[in-house]
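The primary structure of each chain is shown beneath.
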Amino acid sequence: MRDYGRVTSPRSNPNSELDHVEVSAPDVSGVTDVSEATDAPADRDAERRERARLYPRVTSFRSRRGSLTQAQQQNWEELWPRIGRDVSETEQVDPTAWFGRSAPLILEIGCGTGTSTAAMAAVEPDTDVIAVDVYRPGIAQLLGAIKRAGLDNIRVIRGDAVIVLKNMLAPASLTGVRVFFPDPWPKARHHKRRLLQPETLIQIAHVLRDGGVLHIATDHADYAESISAVIDGQSVLTATDQPVPFSIARPVTKFEGRAAREGRPVTEFVLTRVPR
Ligand SMILES: C[S@@+](CC[C@H](N)C(=O)[O-])C[C@H]1O[C@@H](n2cnc3c(N)ncnc32)[C@H](O)[C@@H]1O
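Just so it is clear, the model here is predicted, and its values are computed rather than measured. The numbering scheme is per chain: residues are counted from 1 as the chain's sequence reads. Restriction of local features to residues with pLDDT of at least 70 applies here, the model being predicted, together with a cutoff of 80 or more for giving and counting side-chain atom pairs; totals for whole chains, interfaces and linings are based on all residues.

Help me understand the confidence of the model for the protein chain in this model?
A low pLDDT means the predicted coordinates there should not be read in detail. Mean pLDDT over the protein chain stands at 85; residues scoring 70 or higher make up 77%. pLDDT is a residue-level measure of predictor confidence that goes from 0 to 100. We call two residues in contact when their backbone-placed C-beta atoms lie within 7 Å. Low confidence marks residues 1-17, where pLDDT is under 50. Its contacts with residues over four positions away, or in another chain, come to 28 contacts. Contacts for the low-pLDDT stretch residues 19-39, under 50 throughout, to residues beyond four places or in other chains number 55 contacts.

Set out below in structure tokens:
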């Protein structure tokens, strides 16, 4: 494997306010393939229609069971109209209008419960973050963190990040893209479902501005090798050890803490967009 990333376990990042803080991020990676739970048949039909609208293709994610608590539902109703939206095949995001300002923009793909999202946004209030995931209970946890911390630099899209990349972002509009612990799909017959395929990297390069940064972390050795191979096969994103325009310090989440305890080192890739 070419040395695009740093394999460090435990990580050491002397400049980071986030380093070595183990924070709680419920692991959502191993949950069964089922529709989100709703009780009544009519609800289930509505949910199925909603899912077909939001996730129309065979994808890199699993649908996961989980309904919202009453408090999460209240947060959702309060915050979603302003800071959230569903994925769209046709509607492009206007970040200046959505955030109410113009600032360096970062897309986080697969934010899960948003532990890293909230922690990183809190220490970089001058950047704006769009977090994307399909997992509604995870997004609900992120909304709770946003509310508790009073963060105003996070917006959320619910749906398939591949559609977001293709349809919702202007070319060269992003300063950064983060992909932390993408689902590894360990079985060989499922590798085609992995998010980080050649086409996805090209889409990411398309929406990154020149010099913008793609930051990937994975604790899955085989996926790391496959990502290296995908990087080798293209020329628009290149490894860098130079300073980048935003912090690449991640909090050590519960998820990552467990990987460290189980002896799975984390591989990180920091790539810059080659000038057009
Ligand atoms: C293993 S979890 C990691 C979550 C989080 N980044 C972390 O480090 O804790 C992967 C997440 O990516 C999401 N995901 C996978 N494929 C996706 C896609 N195509 N679009 C949006 N989210 C996706 C899953 O729903 C899941 O929440």
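What exactly am I supposed to notice about the environment of G100 here?
Helix and strand assignments follow DSSP, with helices taken as H or I runs no shorter than four residues and strands as E runs no shorter than two, numbered in order from the N terminus. Positionally, G100 belongs in the loop between helix 3 (95-99) and strand 4 (105-109). Each C-alpha atom, one on G100 and one on D152, is 9.8 Å from the other, the two residues being 52 residues apart in sequence.

Would you take a moment to explain helix 2 (residues 70-83) for this structure?
For the α-helix, the turn length of 3.6 residues means that residues three or four positions removed from each other point alike. Expected span, for any helix, means 1.5 Å times one less than how many residues it has. Its 14 residues give helix 2 an end-to-end C-alpha distance of 19 Å, which sits within 8% of 20 Å, the value for a rise of 1.5 Å per residue. Of all the bends in helix 2, the greatest, near 35°, is centred on E77, and the proline P81 appears no more than four residues after it. Two axes define the bend at a residue: one fitted to the seven residues ending there, one fitted to the seven starting there, and the bend is the angle between them.

In this structure, what is going on with the packing of helix 2 against helix 5 (residues 136-149)? I would like to understand it.
Every axis corresponds to a line fitted to the C-alpha atoms, with the helix fit spanning only the stretch in contact, and the corresponding angles, defined between N-to-C directions, vary from 0 to 180 degrees. Helix 5 packs onto helix 2 with a crossing angle of 70° between their chain directions and a minimal axis gap of 9 Å. The angle between the axes of helix 2 and helix 5 places the two elements in the roughly perpendicular class. Listed contacts from helix 5 to Q72, N75, W76 and L79 of helix 2 are A140, L143, G144, I146 and K147. Our angle categories are set so that under 35 degrees counts as roughly parallel, over 145 as roughly antiparallel, 65 to 115 as roughly perpendicular, and the remainder as oblique.

What should I look at first to understand the pairing of strand 7 (residues 174-180) in this one?
Each regular strand shows side chains that alternate between the opposite faces of the sheet. To sort residues by exposure, count the other C-beta atoms lying within 10 Å of each residue's C-beta; 20 or more gives buried, 12 or fewer gives exposed, and values between give partly exposed, all with C-beta atoms placed from the backbone. Summarising burial for strand 7: seven of the seven residues are buried, a large majority. Pairing between strands is defined by DSSP: at least two bridges between them are needed. Relative to strand 8 (residues 208-218), strand 7 runs parallel, the two sharing six bridges. If you follow R178 over to strand 8, its bridge partner there is H215. Seen with its strands pointing away from the viewer, a crossover is right-handed when the path leading from the first strand over the helix to the second is clockwise. Following the chain from strand 7 across helix 7 (residues 198-207) to the adjacent parallel strand 8, one finds a crossover that is right-handed.

For this particular structure, what's the right way to read the packing of helix 6 (residues 161-168) against helix 7?
Each pair of packed helices can be described by the angle between their axes along with the distance between the axes. Interhelical geometry of helix 6 versus helix 7 gives an angle of 40° and a closest axis separation of 10 Å. Between helix 6 and helix 7, the interaxial angle falls into the category oblique. Crossing angle aside, the handedness with which helix 6 passes helix 7 is left-handed. Residues V162, L165 and K166 of helix 6 form the contact with helix 7, whose participating residues are T200, Q203, I204 and V207. Of the residues belonging to the contact of helix 6 with helix 7, the class tally is four nonpolar, two polar and one charged. Note on convention: the crossing is left-handed when the near helix lies turned anticlockwise from the far helix by less than a right angle, right-handed when the turn is clockwise. Residues were grouped as follows: Ala, Val, Leu, Ile, Met, Phe, Trp, Tyr, Cys and Pro as nonpolar; Asp, Glu, Lys and Arg as charged; and all remaining residues, including Gly, as polar.

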